[in-house]
There are 2 protein chains.
Amino acid sequence: MFMGAISRDGLDIARRSREIVREKIRKVLGKDIDKYSEWEMKIIERVVHATADVEYAKLIRFKNHPIEKGIEGVKSNCPMVVDVEMVKVGIRYNNIVSFINDKKVYEIAKEEGITRAAAAMRIAKSYIHGGIVIVGNAPTALFEVVRLIEEEEVEPRLVIGVPVGFVKASESKKLLHSIDVPFITTEGPKGGTPVAVSIANGIVELSRGKMV
Amino acid sequence: MFMGAISRDGLDIARRSREIVREKIRKVLGKDIDKYSEWEMKIIERVVHATADVEYAKLIRFKNHPIEKGIEGVKSNCPMVVDVEMVKVGIRYNNIVSFINDKKVYEIAKEEGITRAAAAMRIAKSYIHGGIVIVGNAPTALFEVVRLIEEEEVEPRLVIGVPVGFVKASESKKLLHSIDVPFITTEGPKGGTPVAVSIANGIVELSRGKMV
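Residues numbered from 1 in each chain as written. Chains lettered and ligands numbered in written order. Predicted model: local features only at pLDDT ≥ 70, side-chain atom pairs only at ≥ 80, totals over all residues. Heavy atoms only, no water.

Cut-off, in case you're wondering: UniProt positions are given in the numbering used here, feature names are shortened, and annotations may be inferred rather than shown by experiment.
Chain A goes by Precorrin-8X/cobalt-precorrin-8 methylmutase in an unreviewed UniProt entry, where it is assigned to Methanofervidicoccus abyssi. UniProt, in the comment section headed Pathway (unreviewed entry), describes chain A in these words: "Cofactor biosynthesis; adenosylcobalamin biosynthesis." Under the heading Sequence similarities (unreviewed entry), UniProt records this for chain A: "Belongs to the CobH/CbiC family."

Notes on the overall build of chain A
Rules: Numbered from the N terminus, helices here are DSSP runs of H or I no shorter than four residues, and strands are runs of E no shorter than two. The quantity called the radius of gyration is restricted to C-alpha atoms. Its globule counterpart is 2.2 Å times the number of residues to the power 0.38. A 1.4 Å probe rolled over the protein chains alone gives each residue an accessible area, and that area as a share of the maximum for its type sets the label: buried under 20%, exposed over 50%, partly exposed in between. Areas reported as accessible are Shrake-Rupley estimates using a 1.4 Å probe. Residue values count occlusion only from the protein chains shown. Charge assignment in this entry is limited to Lys and Arg as positive and Asp and Glu as negative, and neither His nor the chain termini are counted. Where a charge sits is defined by one atom per residue type, namely NZ (Lys), CZ (Arg), CG (Asp) or CD (Glu).
Along chain A, the regular secondary structure elements total 11 helices and 6 strands. A compact globule built from 212 residues should have a C-alpha radius of gyration of about 17 Å, and chain A, at 17 Å, falls within 12% of that. Principal axes of the C-alpha set define a box for chain A whose edges measure 50 × 35 × 30 Å. Of all 212 residues assigned to chain A, the portion counted as buried reaches 58%. Total accessible area on chain A stands at roughly 9,200 Å², and carbon and sulfur atoms take up 47% of it. Each charge class in chain A was averaged separately, 33 positive and 29 negative side chains, and the resulting centres sit 5 Å apart.

Things to note about the packing of aromatic side chains
Aromatic rings considered in pairs are described by the distance between their centres and by the relative angle of their planes. All names here are of chain B. Using the following cut-off: Pairing of aromatic rings covers Phe, Tyr and the six-membered ring of Trp, with a centre-to-centre limit of 6.5 Å; geometry is then stacked below 30 degrees between planes, edge-to-face above 60, and tilted otherwise. Placement of a charge over a ring requires the Lys NZ or Arg CZ to be within 6 Å of the ring centre, with the centre-to-atom vector within 35 degrees of the ring normal.
With the rule as written, the count across this model stands at 4 aromatic pairs over all chains. Pairing Y36 with F62 gives two aromatic rings, centres 6.4 Å apart and planes at 75°, and the pair type is edge-to-face. Residue Y36 is located in the loop between α1 (8-29) and α2 (38-51), and its partner F62 is located in strand β1 (residues 60-63); the two are separated by 26 residues in the primary sequence. On the basis of relative accessibility, which here comes to 16%, the residue F62 falls in the buried class. Positioned above the aromatic ring of Y56 is the side chain of K190, whose terminal nitrogen or guanidinium carbon lies 5.9 Å from the ring centre.

Observations concerning unusual backbone geometry
Residue and element names in this part refer to chain B. Residue H65 is not a glycine yet carries a positive backbone phi of 50°. Positionally, H65 belongs in the loop between β1 and α4 (66-75). Its relative accessible area of 54% is what places H65 among the exposed residues.

Section: the UniProt feature "domain: Cobalamin biosynthesis precorrin-8X methylmutase CobH/CbiC" (unreviewed entry) in chain A
Taking the numbering used here, the UniProt-annotated feature "domain: Cobalamin biosynthesis precorrin-8X methylmutase CobH/CbiC" (unreviewed entry) corresponds to residues 12-205 of chain A. Across residues 12-205 of chain A one finds 56% helix and 11% strand; the C-alpha atoms that close the span lie 19 Å apart.

Some points on the sheet that holds strand β5 (residues 158-161) of chain B
Residues and elements named next belong to chain B. We apply this condition: When DSSP finds two or more bridges between a pair of strands, those strands are recorded as paired.
Taken together, the 6 strands give an open sheet; going across it, the order is β1-β6-β5-β4-β2-β3, and neighbouring strands pair in mixed fashion. Each edge of the open sheet is held by one strand with a lone partner, namely β1 and β3 (96-97). Bridging between strand β4 (residues 132-135) and β5 involves 4 bridges; their strand directions are parallel. Across the sheet, residue I134 finds its bridge partner in β5, namely I160.

Observations concerning the environment of E153 of chain B
Residue placement: E153 of chain B occurs in the loop between α9 (139-151) and β5. Given the relative accessible area of 67%, E153 of chain B is considered exposed.

A short note on the relation of the copies chain B and chain A
Keep this limit in mind: Copy-to-copy superposition: least squares on the C-alpha atoms, limited to residues that have pLDDT of at least 70 in both copies.
Turning chain B through 180° and shifting it by 0.0 Å along the axis lays it on chain A, with an RMSD of 0.0 Å. Here the symmetry operator amounts to a two-fold rotation axis. Across chain B, the smallest distance between a C-alpha and the rotation axis is recorded for M86 of chain B, namely 2.4 Å.

Comments concerning the packing of helix α7 (residues 116-123) of chain A against helix α9 (residues 139-151) of chain A
All names here are of chain A. The criterion, for reference: Each axis is a line fitted through C-alpha atoms, and for a helix only the stretch in contact is used; angles between axes span 0 to 180 degrees, taken between their N-to-C directions. Note on terminology: angles under 35 degrees are roughly parallel, angles over 145 are roughly antiparallel, angles of 65 to 115 are roughly perpendicular, and the others are oblique. If you view the pair so one helix is near and one far, a crossing is left-handed when the near helix is turned anticlockwise from the far one by less than a right angle, and right-handed when it is turned clockwise. Here, two residues are considered to be in contact whenever any of their heavy atoms come within 4.5 Å of each other. Amino acids outside the nonpolar list (Ala, Val, Leu, Ile, Met, Phe, Trp, Tyr, Cys, Pro) and the charged list (Asp, Glu, Lys, Arg) are all regarded as polar, and Gly is one of them.
Relative to each other, α7 and α9 sit at 30°, their axes nearing to 7 Å. What the angle tells us is that α7 and α9 run roughly parallel. Crossing hand, α7 versus α9: right-handed. Between α7 and α9, the residues in contact are A117, A118, M121 and R122 and T140, A141, E144, V145, R147 and L148, respectively. By residue class, the composition of the contact of α7 with α9 is 6 nonpolar, 1 polar and 3 charged.

Some thoughts on the side chain of S172 of chain A
Within the fold, S172 of chain A resides in helix α10 (residues 169-177). Accessibility expressed as a relative area gives 0% for S172 of chain A, which makes it buried.

Here's the deal with the pairing of strand β1 (residues 60-63) of chain A
Consecutive side chains along a regular strand alternate between the two faces of the sheet. Residues and elements named next belong to chain A. Residues I60 and F62 of β1 are buried on one face, while the alternating residues R61 and K63, pointing to the opposite face, are not. Two strands pair when backbone bridges link them, and β1 and strand β6 (residues 183-186) are joined in this way by 4 bridges, in the antiparallel orientation. By the bridge assignment, I60 is partnered in β6 with T186.

Remarks on the pattern of salt bridges
Counted only if it meets this: Any Lys or Arg side-chain nitrogen found within 4 Å of a carboxyl oxygen on Asp or Glu counts as a salt bridge.
Inspection of the entire model under this criterion finds 32 salt bridges over all chains. Among the ionic pairs, D53 of chain B bridges to K190 of chain A, the shortest N-O distance being 3.8 Å. Of this pair, D53 of chain B sits in the loop between α2 and α3 (56-59) while K190 of chain A sits in the loop between β6 and α11 (193-207), placing the two residues on different chains. Exposure class is identical for D53 of chain B and K190 of chain A. Each is buried. For the salt bridge of E152 of chain B with R147 of chain B, the shortest nitrogen-to-oxygen distance reads 3.0 Å. On the basis of relative accessibility, which here comes to 31%, the residue E152 of chain B falls in the partly exposed class. Take R147 of chain B: its relative accessible area is 21%, and that puts it in the partly exposed class. A network of salt bridges, in which partner residues are shared, links E112, R122, K125, E144, R147, E151 and E152 of chain A.

Here's what the structure looks like:
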């Protein structure tokens, strides 16, 4: 089983894609490739594979041993808190938490005048503490995660913060760099569901010693 | 309600993003912008909004009145057949069909030596006929859709064919251009779940006269 492929056709596509992806990343990163660990390269490869966008090789940032922390979390079956259902169904992990469609989220969002995505993170506080939190879409969710860490002493093992968009996404990701937490993020407006999902699945597979 | 936003914060982000997206598309397309209809521009805007990647403005192709056909389909509540669960949960529509996790799909894929994604399309044949079919990930699913159209007289109202990847995705999308079916696609390796989802949601909203 390789990236979900069970047929020879699927396996063949996945393998050839892996080779092409590696070659493209090598070209884009040049000498900078030596700055990345083997595990980091595997995560970068997954993101480029999932998006067919080699620019991500230059955009992804790792800080405070995030992959190691993520693997520890997965091995202890810690919760993964995600921002939206699309991210949830894409990750192959059995302890994923999402409150975006919770009735309470609507109420809190309306009462407090915050987005549903932010309200969903506020509700998920006790799962984020000691868990892995993954924001693939709404910058407001990532702002709320940072607030929880700074103001409410919430300590996630790992933040995968890759919201997408031209408004506030870059800012929310810059904020991550200012706090002392293990994180993986992308510079600039790019990010999104496939980026979040491929990083998370990469960590899950590394924790099982499975990723080739 | 605008792109799912219920709070002032969310609305504000969505509106400012829309303005930035329009400006970026204008710069990238230049005079070519006149080649697109108002509806096509709305779909392009959605995709660029969802991916924060303005290159899509140059990559999206519309052929044989696909938006009109899609709107007709949505108004008659025709099935939308999708390739993976991530695409399914992202689309706001109440008649979505997906066989990727069906037990039969595993069996057919193993027996016939095809991918699960292709097997899922084969099983969905009767839904694809008269329905809207959406491939956001596996090129092999799109190859199978083209085969069903060419060899088994299956007639979808619309094919949204935006698989992603460096192997076979471009080829599968080129094939679409060779058959007589309404379709929306992207040139080259780029595509994926957010592209598929934003095109589909754009058509759903246009059919309800909702999209600003």
